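# Residue-level structure breakdown
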Amino acid sequence: MKAKQNLNPDQKVINHLLDLSKKGELLVLEKELIFHLKDFQDSHFLHILLGVTLSKQGKIEESLEHFNQAIKGAEKKSVYLINMAISLSKIDRVDEAIHAFTKSIDLDGSNFKAHFLLGNAFRKAQRIDEAVISYENAVKINPSHPDALIGNSLSLKNLGKFEQSLEICKKAIDVRPDFGFAHRHITSMLTYEDAQDPHIVEMESIYNSDSLALKDRVELAFGLGKCFEDVQNYEKAFFYLNEGNKLYRKNIEYSTEGRKEWVSDIKENFTKDFFNSSEELSKQGKKIIFVLGMPRSGTSLVEQILASHSGVYGAGEKSFLGKTTFKALFPIEEVSFPRNLRLHDQKSFDNLGRDYVRMIENLGKDEGRLVVDKMPFNFELIGVIHKALPEAKIILCERDPLDNCFSIFKAKFGAKNEYAYNLEEVGEYYNLYLDLIAHWELVLPNKLHKVKYEELISNQEIISRKMINFCGLDWEEDCISFHSTKRTVNTASAVQVRQPLYASSVGLWKKYETELKPLIKILKKEN
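Residues numbered from 1 in each chain as written. Predicted model: local features only at pLDDT ≥ 70, side-chain atom pairs only at ≥ 80, totals over all residues. Heavy atoms only, no water.

All right, on to the overall build of the protein chain then. Broken down by element type, the protein chain carries 25 helices and five strands. Computed over its C-alpha atoms, the radius of gyration of the protein chain comes to 25 Å, within 12% of the 24 Å expected for a compact globule of 527 residues. With respect to the principal axes defined by its C-alpha atoms, the protein chain has extents near 75 × 65 × 45 Å. Relative to its 527 residues, the protein chain shows a buried fraction of 54%. At a minimum sequence separation of 6, the contacts of the protein chain that also span at least 24 residues come to 70%. Working note: accessible area of the protein chain is about 25,200 Å², and carbon and sulfur atoms make up 49% of it. (Helix = DSSP H or I, 4+ residues; strand = E, 2+ residues; numbered from the N terminus. Rg over C-alpha atoms; globule rule 2.2 N^0.38 Å. Buried < 20%, exposed > 50% of the residue type's maximum accessible area, 1.4 Å probe, protein only. Contact = heavy atoms within 4.5 Å. Areas by Shrake-Rupley, 256 points an atom, 1.4 Å probe, with all protein chains shown as cover.)

Written out as structure tokens, the structure reads:
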């Protein structure tokens with residue numbers, strides 16, 4: 001039977017398919033869409049719905065094929081381009097996503113969704129000034145959309161424009177008074193002096209509402225924890241922090257046992273013998289500085305000091321090393337990284353290094369400068385750095401274990417950090433981190449330049465000069481006034497790195513010593 005051309009199924013079938021989509025029955029929907037495409041192979045409707053269905057299941061590459069089919073000859077290309085751009089963004093092909101969103105806007109400049117999602121894509125690409133413009137365009141179309149307002153507020157905060165950020169964030173709350181994320185966002189930019197501050201009273205009132213959504217309750221709990229710490233009501237601060245962590249942890253899959261196995265695999269395969277028997281290394285990585293360590297250990301501060309030097313560009317937290325590692329050190333005979341190290345030769349590591357450098361260069365920011373990659377979790381891949389980018393500098397940030405772990409517990413991370421929402425699990429993760437760092441120091445001696453947060457706070461210029469010297473640079477006085485450096489900061493420390501150094505966070509755990517007994521016990525086990 002010859003396939004029908006340029007036709008959709010009848011309305012009854014379309015309604016059935018849309019009903020499956022609404023119910024989230026993705027596997028059934030996928031099968032039925034593929035079946036109907038045999039008869040209606042040029043149906044824009046079937047292709048776009050299959051593309052969306054595949055994208056929701058994480059089958060991104062497959063989804064792109066159907067979005068492209070839908071776009072061919074379609075009258076409403078702008079909508080299809082949005083769907084394709086969403087998929088491209090999911091697999092970090094952000095430049096292509098930006099191009100598709102922009103093309104959609106060129107076809108239909110009145111589409112709120114296109115402007116809003118283009119803002120998100122610009123933020124992901126760290127093109128923050130352009131993100132602000134896109135969010136503003138979205139808000140012109142829909143002035144009362146809280147997510148567009150908060151996207152703009154976050155971007156302005158990244159740029160250090162705190163007053164503007166606060167003003168717009170308050171507009172988001174005017175639109176949706178129980179918007180937990182927006183309330184927490186405000187608390188990150190203010191220091192509270194009175195427990196009866198109207199904003200604290202407002203947040204507590206919302207928190208106590210029975211109808212509050214779980215997501216908003218979690219965000220408010222973390223925000224209130226920060227507020228009550230500001231006013232030195234540490235008992236109440238811990239109550240809210242603990243509540244937020246407990247609520248959020250319920251929906252996370254994480255086990256210390258799985259983490260132990262991963263660390264053990266790294267240690268068992270990146271051995272001294274492995275490095276000693278290696279072929280000659282390349283000369284790659286001369287322009288790269290890796291700043292790594294535990295989250296909340298001072299990595300943003302160290303990057304800000306380095307990026308205040310005229311010869312350094314701070315690229316922020318890049319996922320490039322992880323991506324290039326799993327691409328270059330692909331599974332062989334079903335043996336995957338890191339157990340497959342000896343199945344790969346030095347060429348695989350050289351290719352890894354080249355791919356990484358290319359991704360850094362594609363940022364278009366190096367311009368002869370050194371580039372800082374401050375992804376904290378690269379501490380897992382120090383052995384990979386040595387093999388693939390042997391000329392790179394590695395700075396390890398360290399902090400008092402209890403201050404570090406409690407700072408993690410106080411943070412509501414945007415993604416990952418699954419270990420962070422239970423005191424015992426934070427402690428166990430930290431112990432495994434120490435174990436892995438001890439291993440790297442054993443098999444790769446003198447590879448790391450250590451910067452201890454407390455020493456940096458108390459001896460800023462001496463420690464900063466040592467860092468700059470380690471990177472092979474001449475000293476510049478701007479590194480002392482790092483808080484004046486105008487650059488985008490996309491981490492939780494966006495406010496702190498724009499302030500002079502302060503010591504109030506050193507030893508702060510002592511205010512919570514009773515509440516932190518489970519953490520103290522775990523840390524003492526190994527230390």
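Over its 14 residues, helix α8 (residues 128-141) extends 20 Å from the first C-alpha to the last, a length consistent with the 20 Å expected when each residue adds 1.5 Å. Three or more residues of α8 are buried, namely I128, A131, V132, S134, Y135, A138 and V139. What you see down the axis of α8 is that its buried residues fit within an arc of 165°, all on one side. Turned more than 90 degrees away from the buried face of α8, the exposed residues are D129 and K140. Where α8 is buried, its residues meet α7 (112-124) and α9 (146-158). (Expected span 1.5 Å × (residues − 1). Arc of directions from axis to C-beta.)

Turning our eyes to something else, we now look at the packing of aromatic side chains. This model, assessed by the stated rule, comprises 26 aromatic pairs. Look at F228 and Y240: their rings are 5.8 Å apart centre to centre, the planes differ by 10°, and that puts the pair in the stacked class. Taken together, the residues span a long stretch of sequence, with F228 in helix α13 (residues 214-230) and Y240 in helix α14 (residues 234-249) at a distance of twelve residues. Accessibility classification places F228 together with Y240 in one group, the buried group. Ring geometry for F326 and F337: centres 5.4 Å apart, planes at 75°, overall edge-to-face. Remark: F337 occurs in the loop between α18 (320-328) and α19 (346-362) and F326 occurs in helix α18; sequence separation between them is eleven residues. Ring pairs connect the aromatic residues W262, F270, F274, F275, F326, F337, F349 and W440, which therefore count as one cluster. (Phe/Tyr/Trp six-rings, centres within 6.5 Å; stacked < 30°, edge-to-face > 60°.)

Moving on, we come to the environment of E243. The topology assignment puts E243 in helix α14. When the C-alpha atoms of E243 and K410 are compared, they prove to be 11 Å apart, with 167 residues separating the residues in sequence.

Bringing unusual backbone geometry into the picture now. Following F337, the chain continues to P338 via a peptide bond in cis, the omega torsion being 5°. Within the secondary structure layout, P338 lies in the loop between α18 and α19. The residue Q126 is not glycine, and still its phi comes out positive at about 60°. Residue placement: Q126 occurs in the loop between α7 and α8.

Here we take up the nonpolar core. In globular proteins that are soluble, nonpolar side chains generally tend to be buried together. By size, the foremost hydrophobic cluster in this structure holds 128 residues, and its most contacted members are F270, F290, L321, L389, W440 and L516. No other element matches the ten residues that helix α22 (residues 423-443) contributes to this core. (Core = buried A, V, L, I, M, F, W, Y, C linked by side-chain atoms within 4.5 Å.)

Turning our eyes to something else, we now look at the pattern of salt bridges. Taken as a whole, this structure holds 31 salt bridges when the rule is applied. As a salt-bridge pair, K236 and E204 come within 3.4 Å of each other at their nearest N and O atoms. Taken together, the positions of K236 in helix α14 and E204 in helix α12 (residues 198-207) put the pair 32 residues apart, joining distant regions of the chain. Across the salt bridge formed by R465 and E461, the nearest N and O atoms sit 2.9 Å from each other. With R465 and E461 both in helix α24 (residues 460-470), this residue pair falls four residues apart, about one helical turn. For E461, a relative accessible area of 35% corresponds to the partly exposed category. A network of salt bridges, in which partner residues are shared, links E61, R93 and E96. (Salt bridge = Lys/Arg side-chain N within 4 Å of Asp/Glu carboxyl O.)

What the five strands build is an open sheet, ordered β2-β3-β1-β4-β5; its pairing is parallel. Lying at the two open borders of the sheet, with one neighbouring strand each, are β2 (312-314) and β5 (449-452). Put simply, the sheet's adjacent strands are angled 25° from each other on average, direction ignored. Where strand β1 (residues 288-293) lies against strand β4 (residues 393-398), five bridges are found, and the strand directions are parallel. Of the residues in β4, the one forming a bridge with I289 is K393. Packing of helix α17 (residues 299-307) onto the sheet brings it into contact with β1, β2, β3 (370-373), β4 and β5, and relative to β1 it is tilted by some 160°. (Pairing = 2+ DSSP bridges. Axes fitted to C-alpha atoms, helices over the stretch in contact; angles between N-to-C directions.)

Position of S43 relative to the elements: it lies in the loop between α2 (26-37) and α3 (44-56). If we skip the residues at most four places from it in the chain, S43 touches L7, N8 and P9.

A few words now on the packing of helix α11 (residues 180-187) against α12. At a minimum axis separation of 12 Å, α11 and α12 run at an interaxial angle of 155°. Classed by the angle they form, the pair α11 and α12 counts as roughly antiparallel. Viewed along their axes, α11 and α12 form a crossing whose handedness is left-handed. Here α11 contributes H183, I186 and T187 to the contact with α12, which in turn contributes H199, E202, M203 and I206. Taken together, the residues that form the contact of α11 with α12 break down as three nonpolar, three polar and one charged. (Parallel < 35°, antiparallel > 145°, perpendicular 65-115°, else oblique. Left-handed = near helix turned anticlockwise from the far one by under 90°. Nonpolar A, V, L, I, M, F, W, Y, C, P; charged D, E, K, R; others polar.)

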